[in-house]
Amino acid sequence: MTGLLKYLPLVYLLIVNFFEFFVMYLDKQRAKRKKWRVPEFDLLFIGLIGGGIGGLVAQQLFHHKTKKLSFYFFFIFGTLVAVAFIYFSYKR
């Protein structure tokens, strides 16, 4: 990879993790106010495609979805996906 393209995998992971963190925050705020919620599928999917770190941090920081083991599984798996993505992106 050359130039700015070599940073593309890192930029992707930063964006998807910040997005997951923000969506978890938004869902927690909406849950407190008994308003429309973000579907669990969406939260899990974002975590699965690399947003696991953002999901795990948001889960602990906001105490949101901490009793649902599926969220831990998907966020940890998403973190492993992110690590593998970085490894294979920069492996020569």
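Above this note sits the structure.
My aim in this report is to walk through the structure given alongside it, one point at a time. (Residues numbered from 1 in each chain as written. Predicted model: local features only at pLDDT ≥ 70, side-chain atom pairs only at ≥ 80, totals over all residues. Heavy atoms only, no water.)

1. Brief notes about the overall build of the chain
Looking only at helices and strands, the chain has three helices and zero strands in total. In the chain, the order of α-helices and β-strands from amino to carboxyl end is α-α-α. Projecting the C-alpha coordinates of the chain onto the three principal axes gives extents of approximately 50 × 25 × 20 Å. Within the chain, contacts between residues at least 6 apart in sequence are counted, and of these 72% link residues at least 24 apart. When the accessible area of the chain is evaluated, it comes to approximately 6,300 Å², of which 74% is carbon and sulfur surface. One way to put it: in the chain the 13 positive side-chain charges average out to a point 6 Å from where the 4 negative ones average out. (Helix = DSSP H or I, 4+ residues; strand = E, 2+ residues; numbered from the N terminus. Contact = heavy atoms within 4.5 Å. Areas by Shrake-Rupley, 256 points an atom, 1.4 Å probe, with all protein chains shown as cover. Lys, Arg positive; Asp, Glu negative; His and termini not counted. Charge placed at Lys NZ, Arg CZ, Asp CG, Glu CD.)

2. Looking at the side chain of N17
For N17, the position within the fold is in helix 1 (residues 8–32). A polar side-chain atom of N17 sits 3.0 Å from the main-chain carbonyl oxygen of G50. Looking at N17, its side chain comes within polar contact range of the main-chain nitrogen of I53, at 3.2 Å. With residues near it in sequence (within four places) discarded, N17 still touches G50, G51, G52, I53 and G54. (Polar contact = N/O pair within 3.5 Å; in protein donor to acceptor, adjacent residues only side chain to side chain.)

Geometric descriptors of this kind do not, in isolation, establish any biological role.
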